[in-house]
Amino acid sequence: MRIAFLVNDVAGEDPLYTTTRLAMTAAEAGHDVWYIGTGDLAYDPDEALRAHARRAEPSGGDLERFLGAVQDENAEPGRISVEDLDVLFLRNDPADDIGSRSWARSVGVVFGTLTAQRGVLVVNDPAGLAKALSKMYFHQFPSSIRPRTLVTREAEEVLSFLSAIAGGAVLKPLEGSGGRNVFFVEHDGETNVNQMIETIRRDGYIVVQEYVEAAKPGDVRLFMMDGEPLSKDGTYAVFRRARTTDDLRSNVRVGAEPEAVELTDEMLFIAKTVGPKLVEDGMFLVGLDIAGDKLLEVNVFSPAGLGSIEKVTGTDFTPTVIEALEKKIRADRDRPGDAA
């Protein structure tokens, strides 16, 4: 299998990223693996899609050595034909390119669409990802499993919503990730709420989400694959991002610690509720953020956490993901061609 991972910037990847683990697992399994940055693609005059890509070689399971070889400045990238790939795995996060690299935000969707039109398996489906370029995608799922939410740019509407709910709310940008510009407002009379609103509004729309008390110890990240909870030998790919400070952001990037958690009936209900929509939109690998009986966020761009899950469960789920891609490619190759 020839597989390439499209990332924001190859030089910016980290050995502990989920993408690194997936790529290394594919290489160790004997597949032809490449890394491509969003600035490395080209549409040639002959209408061919090409990329300056970096080949990834097996490293004996050493993540740092594996990625270090890919990022070696002395290693010249090779020019490959994207349409000769079997799989293009879109692992770039458009939110990371807000601001300084705004030109790169839609690259994965645009080039992914062209690649899929040439018969390459592209995951997640770029047509589905195009619908999810902002958090409004989240509101395509049933309201019964979502916290009450307002999306607006009007400060007065934010204050009115805050005064109408009990227990506080989370304010965050409509576009973004990683816990950036995320605030907790206990009540509408907080002295700095206007500053919070202005900070978020500078970059676009404001999402005001009713605070879910069950999120207090930290939310839960559950991985979905092909519309079902990702599992291996009876173990589910799920963990709690436990808060270690007063910071409400349950994100490992901002200090949360991974913690083992059992998959509950509430989590399973949410997974079964959103699964069909994820399949319909071609979302192969997705991270659901859950608190109690509420879905907080749907992560379809480069969902992270497989390393944290392995740490707390002892189970490496990356072979399961790569095996699923192998199965898709075999099924495509075995499909009878059109009659002559």
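Residues numbered from 1 in each chain as written. Predicted model: local features only at pLDDT ≥ 70, side-chain atom pairs only at ≥ 80, totals over all residues. Heavy atoms only, no water.

Draft legend 1. Fine view of the overall build of the chain. Assigned secondary structure in the chain consists of 9 helices and 19 strands. Computed over its C-alpha atoms, the radius of gyration of the chain comes to 21 Å, within 12% of the 20 Å expected for a compact globule of 340 residues. By principal-axis analysis of the C-alpha atoms, the chain measures approximately 65 × 50 × 45 Å. Taking all 340 residues of the chain together, 53% fall into the buried category. Long-range contacts, defined here as pairs at least 24 residues apart, represent 71% of the contacts in the chain between residues at least 6 apart. Counting every atom, the chain has about 15,700 Å² of accessible surface; 46% of that belongs to carbon and sulfur. For the chain, the distance from the average site of its 37 positive side-chain charges to the average site of its 56 negative ones is 2 Å. (Helix = DSSP H or I, 4+ residues; strand = E, 2+ residues; numbered from the N terminus. Rg over C-alpha atoms; globule rule 2.2 N^0.38 Å. Buried < 20%, exposed > 50% of the residue type's maximum accessible area, 1.4 Å probe, protein only. Contact = heavy atoms within 4.5 Å. Areas by Shrake-Rupley, 256 points an atom, 1.4 Å probe, with all protein chains shown as cover. Lys, Arg positive; Asp, Glu negative; His and termini not counted. Charge placed at Lys NZ, Arg CZ, Asp CG, Glu CD.)

Draft legend 2. View of the pattern of salt bridges. Tallying each qualifying case throughout the model produces 20 salt bridges. In this structure, the salt-bridge partner of Asp32 is Arg55, at a minimum N-O distance of 3.0 Å. Taken together, the residues span a long stretch of sequence, with Asp32 in strand 2 (residues 32-37) and Arg55 in strand 4 (residues 49-56) at a distance of 23 residues. A salt bridge links Arg241 to Asp219; the shortest N-O distance between them is 3.0 Å. Note that Arg241 is positioned in strand 16 (residues 238-242) and Asp219 in the loop between strand 11 (206-210) and strand 12 (220-225), a separation of 22 residues in sequence. Look at Asp219 and you get buried, because its relative accessible area is 7%. (Salt bridge = Lys/Arg side-chain N within 4 Å of Asp/Glu carboxyl O.)

Draft legend 3. Spatial organisation of the packing of helix 5 (residues 155-164) against helix 6 (residues 193-201). Where helix 5 meets helix 6, the closest approach of the two axes is 11 Å, and the angle between their N-to-C directions is 130°. Considering their axes alone, helix 5 and helix 6 lie oblique with respect to each other. The handedness of the crossing between helix 5 and helix 6 is right-handed. Contacts between helix 5 and helix 6 involve Ala155, Val158, Leu159 and Leu162 on the former and, on the latter, Val193, Asn194, Ile197 and Arg201. Its residues placed into classes, the contact of helix 5 with helix 6 shows 6 nonpolar, 1 polar and 1 charged. (Axes fitted to C-alpha atoms, helices over the stretch in contact; angles between N-to-C directions. Parallel < 35°, antiparallel > 145°, perpendicular 65-115°, else oblique. Left-handed = near helix turned anticlockwise from the far one by under 90°. Nonpolar A, V, L, I, M, F, W, Y, C, P; charged D, E, K, R; others polar.)

Draft legend 4. Expanded view of helix 6. Of all the residues in helix 6, the buried ones are Val193, Met196, Ile197, Thr199 and Ile200. Down the axis of helix 6, the buried set is contained in an arc of 165°. They therefore lie on one face. Contacts made by the buried residues of helix 6 are with helix 5, strand 9 (169-173), strand 10 (183-185) and strand 11. (Arc of directions from axis to C-beta.)

Draft legend 5. Up close: the pairing of strand 9. With 5 of 5 residues buried, strand 9 is to be regarded as a mostly interior element. Going residue by residue along strand 9, you find Ala169, Leu171 and Pro173 tucked away on one face and Val170 and Lys172 tucked away on the opposite face as well. Bridge analysis of strand 9 against strand 10 gives 3 bridges, and the strand direction is antiparallel. For Ala169, the partnering residue across the bridge sits in strand 10 and is Val185. (Pairing = 2+ DSSP bridges.)

Draft legend 6. Expanded view of the nonpolar core. Counting 43 residues, the largest nonpolar core has Val274, Leu278, Leu288, Leu295, Val298 and Val300 as the members making the most contacts within it. With 5 residues, the single largest contributor to this core is helix 7 (residues 265-280). Excluding anything up to four places from it in sequence, Leu295 contacts Phe138, Ile145, Arg146, Pro147, Ile270, Val274, Leu288, Asp289 and Ile290. Ile3, Ala27, Phe66 and Ile329 belong to the second-largest nonpolar core, a separate cluster that totals 35 residues. (Core = buried A, V, L, I, M, F, W, Y, C linked by side-chain atoms within 4.5 Å.)

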